[in-house]
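The chain contents come next:
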Amino acid sequence: MSNIHTVETIEGWGVDYVRKFLNYNKKDFSLNDDEICRLEELGINGRAFLRYTEEKLIEDGLRKEPASNLVDYIIQVKSQKQPIISTDTTIGSSKSPNNSVSIYIDNSNFFIEGLKIVSYLKKVNVYDHKKPEFLNFYVDYGLLITIVLKGRKLNKIFVVSSISPNDTVWDRMKFHGCKIQTYPQNALNKEKKVDTKLVCKLMVFLFTENPGTLLLVAGDSDYCPLIEEAKKLNWKTETWFWSGLSGVEDYLFTTPIAYELRKLSLYEPLEKYYQLFTYVTGPDFTNRKHSLEISGNIIKDWKHKNETLMECFCSLKLFGRWNWVNETTAHLYFENKKQLESAQSLFEHKYPYLWFTVIKKIVRRNSFKIQREKWY
């Protein structure tokens with residue numbers, strides 16, 4: 001049966017959290033998708049969920065078996081012993097809960113596994129730098145934070161490994177009025193001691209801060225004890241990580257999120273969002289992409305050049321891929337003519353002072369013809 005959460009934890013769930021919880025545990029509860037959607041349509045949040053009786057669940061459209069299973073779970077939640085809250089003011093555990101989110105990122109594992117995911121899904125080489133068609137893979141951590149935060153208040157960020165000083169995350173943290181605590185690798189890129197030190201700091205943080213939401217961007221089962229302790233202290237917990245591509249034989253993914261960690265907290269797979277915070281740079285070695293060249297001195301005034309391009313690709317719901325020829329010129333790559341024309345229209349209206357070159361590739365047997373157009 002599903003992990004037993006505390007009453008306080010479930011009472012803090014919104015409708016979306018209840019849906020995710022039921023969807024993840026639907027096999028345990030014998031629920032089907034229609035029944036989960038029905039509860040979501042009724043606006044059932046955590047408090048309403050705990051008030052359910054078997055009769056009321058059946059009245060609201062559930063079959064007898066899942067209704068009985070859910071009520072058994074609710075009884076277990078209400079009957080379990082609640083954690084004893086110390087009155088010792090040195091650890092501050094008597095503080096009331098809040099709605100803020102504190103984020104922990106295991107950056108090296110997150111980056112390496114993300115690199116493998118994108119390499120496979122986009123059919124590009126961002127993994128083997130020894131091959132001539134090697135491209136560069138990037139993560140915009142500012143965008144990543146925005147995605148996992150989902151409009152909630154940000155409290156603090158802990159990061160194992162460093163983040164580029166040019167990343168958008170630093171400006172976004174100023175906006176949120178908080179700081180990032182980073183713990184760089186040592187000279188040999190060994191992080192075990194760093195991980196242990198950070199987990200110790202996180203435990204102190206959990207004891208001294210008001211309970212909120214602890215959100216891990218991590219996938220190692222070593223973090224299970226941290227999640228367990230956080231839940232005892234009435235913290236809500238979330239885990240965001242790569243789930244892997246099961247059933248794909250030629251896929252290089254070796255370390256998806258650990259099963260134990262996935263079961264302990266609400267889980268969200270990053271594969272659903274990767275186009276919103278990752279991108280690739282480098283030339284089109286295949287010569288098969290439709291390309292839009294942008295150039296102009298105005299580009300020098302863009303504080304974060306890649307962020308500006310990423311915003312455009314995200315608005316078009318496309319994966320970001322481009323190549324900087326120099327500091328004022330970039331080639332943007334698209335899969336087809338329709339994508340290129342949409343980008344052309346966007347840039348034409350959003351950045352009218354740029355020069356554009358549209359490269360339309362017409363494949364004819366083993367050759368292609370390039371047509372160019374320029375305008376202001």
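Residues numbered from 1 in each chain as written. Predicted model: local features only at pLDDT ≥ 70, side-chain atom pairs only at ≥ 80, totals over all residues. Heavy atoms only, no water.

Within an unreviewed UniProt entry, the label attached to the chain reads NYN domain-containing protein, and the organism entered is Glomus cerebriforme.

*Asks:* What is the right way to read helix H8 (residues 107-121) from this model?
*Replies:* Note: α-helices contain 3.6 residues per turn, so residues at a spacing of three or four share the same orientation. Along its 15 residues, H8 runs 21 Å from first to last C-alpha, staying within 8% of the 21 Å computed at 1.5 Å per residue. Summarising burial for H8: 11 of the 15 residues are buried, a large majority. Along H8, the residues that are buried comprise Asn107, Ser108, Phe110, Glu113, Gly114, Leu115, Lys116, Ile117, Val118, Ser119 and Tyr120. Count one or two residues on from H8 and you reach Lys123, which has phi positive near 55°. (Helix = DSSP H or I, 4+ residues; strand = E, 2+ residues; numbered from the N terminus. Expected span 1.5 Å × (residues − 1). Buried < 20%, exposed > 50% of the residue type's maximum accessible area, 1.4 Å probe, protein only.)

*Asks:* When you look at the pairing of strand E6 (residues 236-241) in this model, what are you seeing that I'm missing?
*Replies:* In the case of a regular strand, side chains alternate between the two sheet surfaces. Counting buried residues along E6, six of its six residues qualify, which places the element largely inside the surrounding structure. Going residue by residue along E6, you find Lys236, Glu238 and Trp240 tucked away on one face and Thr237, Thr239 and Phe241 tucked away on the opposite face as well. The pairing of strand E5 (residues 213-217) with E6 spans four bridges and is parallel. Pairing of Leu215 across the sheet is with Glu238, part of E6. Once the chain exits E5 it traverses helix H12 (residues 224-232) before rejoining the sheet at E6, and the crossover so formed is right-handed. (Pairing = 2+ DSSP bridges. Right-handed = clockwise from strand over helix to strand, strands pointing away.)

*Asks:* Any chance you could explain the pairing of strand E9 (residues 290-295) here in plain terms?
*Replies:* Counting buried positions along E9 gives six out of six residues, so the element sits mostly inside the fold. Neither face of E9 is exposed, since His290, Leu292 and Ile294 on one face and Ser291, Glu293 and Ser295 on the opposite face are all buried. With six bridges joining them, E9 and strand E11 (residues 329-334) adopt antiparallel strand pairing. By the bridge assignment for E11, Ile294 is matched with Ala330.

*Asks:* Help me understand the nonpolar core, please; the structure alone is not making it clear to me.
*Replies:* Buried together is how nonpolar side chains tend to be arranged in soluble globular proteins. Counting 78 residues, the largest nonpolar core has Ile103, Phe110, Phe277, Ile294, Leu332 and Phe347 as its most contacted members. Per-element accounting of this core gives the leading share, seven residues, to helix H9 (residues 141-149). If we ignore the near neighbours within four places in the chain, the residues touching Phe277 are Phe110, Tyr138, Val139, Asp140, Leu143, Leu144, Ile147, Trp242, Leu270 and Met310. Judged by nonpolar contacts, the second largest core, of 25 residues, contains Phe29, Leu39, Leu57 and Tyr73. (Core = buried A, V, L, I, M, F, W, Y, C linked by side-chain atoms within 4.5 Å. Contact = heavy atoms within 4.5 Å.)

*Asks:* Could you clarify how one ought to interpret the packing of aromatic side chains in this entry?
*Replies:* Think of a pair of aromatic rings as described by two things: how far the centres are apart, and how the planes are tilted against each other in angle. The final tally for this structure, using the stated rule, is 21 aromatic pairs. Seen from their ring centres, Trp13 and Phe21 are 4.9 Å apart, and the 45° between their planes marks the pair as tilted. You can call Trp13 buried: its relative accessible area is 5%. Residue classification places Phe21 among the buried residues on the basis of a relative accessible area of 3%. Ring geometry for Phe110 against Tyr141: centres 6.1 Å apart, planes inclined by 65°, an arrangement best described as edge-to-face. Taken together, the positions of Phe110 in helix H8 and Tyr141 in helix H9 put the pair 31 residues apart, joining distant regions of the chain. In this pair, the class of Phe110 matches that of Tyr141, namely buried. Through pairs of rings, three or more aromatic residues link up here, namely Trp13, Phe21, Phe29, Phe49 and Tyr73. Taking NZ or CZ as reference, Lys123 lies 3.9 Å from the ring centre of Tyr120, over its face. (Phe/Tyr/Trp six-rings, centres within 6.5 Å; stacked < 30°, edge-to-face > 60°. Lys NZ or Arg CZ within 6 Å of the ring centre and 35° of its normal.)

*Asks:* Help me out: how do you make sense of the pattern of salt bridges in this one?
*Replies:* The full count for this structure, using the stated rule, is 18 salt bridges. Lys20 serves as the salt-bridge partner of Asp16, at 3.5 Å between the closest nitrogen and oxygen. Of this pair, Asp16 and Lys20 both sit in helix H2 (residues 15-24), four residues apart, which is roughly one turn of that helix. Residue classification places Lys20 among the buried positions, given a relative accessible area of 17%. The closest approach of N and O atoms between Lys64 and Glu54, which form a salt bridge, is 2.9 Å. Highlighted residues: Lys64 in helix H7 (residues 64-79) and Glu54 in helix H6 (residues 54-59), separated in sequence by 10 residues. Relative accessible area serves as the criterion here: at 58%, Lys64 is assigned to the exposed category. Taken together, the shared-partner salt bridges in this structure form one network comprising Asp16, Arg19, Lys20, Glu40, Glu268 and Lys272. (Salt bridge = Lys/Arg side-chain N within 4 Å of Asp/Glu carboxyl O.)

*Asks:* Hey, could you run me through empty space enclosed by the protein in this one?
*Replies:* Where empty space is left in the structure can be found by rolling a water-sized probe over the atoms. Across all of its chains, the model carries three cavities of 30 Å³ or more by this definition. The space that makes up the second largest cavity amounts to roughly 50 Å³. Taken together, His5, Thr9, Trp13, Tyr17, Lys231, Trp235, Lys236, Thr237, Ser265 and Leu266 make up the lining of the second largest cavity. Split by residue class, the lining of the second largest cavity holds four nonpolar, four polar and two charged. (1 Å grid on protein atoms, 1.4 Å probe; cavity = no way out; pocket = protein on both sides within 12 Å on 5 of 7 lines; lining within 4 Å. Points joined across faces, edges and corners; volume = space filled by probe spheres on them. Nonpolar A, V, L, I, M, F, W, Y, C, P; charged D, E, K, R; others polar.)

*Asks:* What's the story with the packing of H2 against helix H4 (residues 33-41) in this structure? I'm lost.
*Replies:* Geometry of a packed helix pair, given as the angle between the helix axes and the separation of the axes. Interaxial distance between H2 and H4 falls to 9 Å at its minimum, and their mutual angle equals 165°. Comparing the axis directions of H2 and H4 gives the class roughly antiparallel. Relative to H4, H2 is oriented so that their crossing is right-handed. On the side of H2, the interface is formed by Val15, Arg19, Leu22 and Asn23, while H4 contributes Asp33, Ile36, Leu39 and Glu40. Split into classes, the residues belonging to the contact of H2 with H4 amount to four nonpolar, one polar and three charged. (Axes fitted to C-alpha atoms, helices over the stretch in contact; angles between N-to-C directions. Parallel < 35°, antiparallel > 145°, perpendicular 65-115°, else oblique. Left-handed = near helix turned anticlockwise from the far one by under 90°.)

*Asks:* What exactly am I supposed to notice about the environment of Glu341 here?
*Replies:* Summarising the element assignment, Glu341 is placed in helix H15 (residues 337-350). Accessibility expressed as a relative area gives 38% for Glu341, which makes it partly exposed. As a C-alpha pair, Glu341 and Leu292 span 49 residues in sequence and 9.1 Å in three-dimensional space.

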